[in-house]
Amino acid sequence: MGRPAIVLLSGGLDSTTVLAIAKGQGYTPYALSFQYGQRHSVELEAAKRVAEAQGVARHVIADIDLRVFGGSALTSDIEVPKHDSLDHTNEGGVPITYVPARNTIFLSFALAYAETVNASDIFTGVTAVDYSGYPDCRPEYMDAYERMANLATRAGVEGTQKLKLHSPLIDMSKADIVREGLRLGVDYSITSSCYDPDEQGRACGRCETCLLRLKGFAEAGATDPVQYQDA
């Protein structure tokens, strides 16, 4: 058994690849997902499939409700924007699919989980190349959070834990991520990235995350194995 590591697992392309990377580096992964009031459960069901397929030590699903705040198309009745291409997806700055402070909230749960299983490593799938422009995906944010985390826990103060926040995808394009995942044997057919899938779980193909995912597979010379509504 390798050293324990917490892996934030949404069930999408990026976090699934990060889980495979953590395993490939010899860590024993403890997966952490969230039922946070998001508009659908398709991605969470994907996270369960991924955790089982990749054989994590334990998969915890934390139940929180960010719908009490709203402010995002993912946690309220605001319509998810749809586009025919990526050309106009980010013209208005940070998109309405940004969930206020979501990564800070998720990482705080991961920090607590890490302390309870004596893990000094947290893996997250944030990217800063082909991404939606969310402020909590920037390298400077991740660096700042790591510094804060080492001041925030009993284990840190007592010197029994020096936390390392791993963001192995942060400088990778979506194509690079797909290539790395395929190299590691990731089964992307059991993942889900769509913000607005239909009742059958099929991806819409037109929200920003679908467009970014399709771009990544195309540029990697691969075919996305998930089912899309217009296919």
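For the structure itself, consult the block above.
Quick notes on the rules
Residue indices begin from 1 for each chain and proceed along its sequence in written order. Whole-chain, interface and lining totals are the exception, using all residues; otherwise, since this is a predicted model, local features are given only for residues with pLDDT of at least 70 and side-chain atom pairs are given and counted only at 80 or more. For the side-chain quantities, the full set of heavy atoms in the structure was used; hydrogens and water were omitted. Side-chain atoms within 4.5 Å are what join buried Ala, Val, Leu, Ile, Met, Phe, Trp, Tyr and Cys residues into a set we call a nonpolar core. Throughout this description, buried means an accessible area under 20% of the type-specific maximum (1.4 Å probe, protein chains only), exposed means over 50%, and partly exposed covers the range between. Segments assigned H or I by DSSP are reported as helices when at least four residues long, segments assigned E as strands when at least two residues long, and all are numbered from the N terminus. The contact criterion used is simple: two residues touch if any of their non-hydrogen atoms lie within 4.5 Å. Strands are labelled as partners when DSSP assigns at least two bridges between them. Axis definition: a line fitted to C-alpha atoms, limited for helices to the stretch in contact. Angles are taken between N-to-C directions and run from 0 to 180 degrees. A clockwise course of the path from the first strand over the helix to the second, judged with the strands pointing away from the viewer, identifies a crossover as right-handed. The working definition used for a salt bridge is a side-chain nitrogen of Lys or Arg within 4 Å of a carboxyl oxygen of Asp or Glu. This arc corresponds to the set of directions leading from the helix axis out to the C-beta atoms.

One finds Ile6, Leu32, Phe34, Leu107 and Ile122 to be the most contacted residues of the largest nonpolar core, which totals 38 residues. Among the secondary structure elements, those contributing two or more residues to this core are strand 1 (4–8), strand 2 (28–35), helix 3 (102–116) and helix 4 (139–149). When residues of this core are assigned to their parent elements, the largest contribution, six residues, is made by helix 3. Look past the residues within four positions of isoleucine 6 in its chain and what remains in contact with it is Tyr30, Leu32, Ala110, Tyr113, Ala114, Val117, Ala119, Asp121, Ile122 and Phe123. Listed in part, the 26 residues of the second largest apolar core include Leu19, Tyr27, Val56 and Tyr188.

Here the focus is the sheet that holds strand 4 (residues 121–123). Taken together, the five strands give an open sheet; going across it, the order is 3-2-1-4-5, and neighbouring strands pair in parallel fashion. At either end of the open sheet lies a strand with only one pairing partner, and these are strand 3 (58–63) and strand 5 (164–166). Geometrically, the sheet is characterised by an average inter-axis angle of 25° between neighbouring strands, direction not taken into account. Taken together, the five bridges between strand 1 and strand 2 define a ladder with parallel strand orientation.

A positive phi angle, close to 60°, is found at asparagine 118, a residue other than glycine. Looking at the element boundaries, asparagine 118 is found in the loop between helix 3 and strand 4.

Another aspect to go through is the pairing of strand 2. Counting buried residues along strand 2, seven of its eight residues qualify, which places the element largely inside the surrounding structure. For the handedness criterion, the β-α-β arrangement of strand 1, helix 1 (residues 13–24) and strand 2 is classed as right-handed. As paired elements, strand 2 and strand 3 share six bridges and run parallel to each other. Considered in strand 3, the bridge of leucine 32 is made with valine 60.

Now for the pattern of salt bridges. Opposite charge on two side chains allows them to pair when their charged atoms are near. Per the stated rule, a full pass over the model turns up 10 salt bridges. Across the pair glutamate 45 and lysine 48 runs a salt bridge whose closest N-O atoms are separated by 3.2 Å. Separated by three residues within a single helix, glutamate 45 and lysine 48 lie in helix 2 (residues 42–54), roughly one turn from each other. Linking glutamate 140 and arginine 138 is a salt bridge whose minimum nitrogen-to-oxygen distance equals 3.6 Å. Overall, arginine 138 belongs to the partly exposed group, its relative accessible area being 36%.

Quick look at helix 4 now. For helix 4, the set of buried residues is Tyr141, Met142, Tyr145 and Ala149. When helix 4 is viewed along its axis, its buried side chains cluster within an angular range of 95° and face the same direction. The elements touched by buried residues of helix 4 are helix 3 and strand 5.

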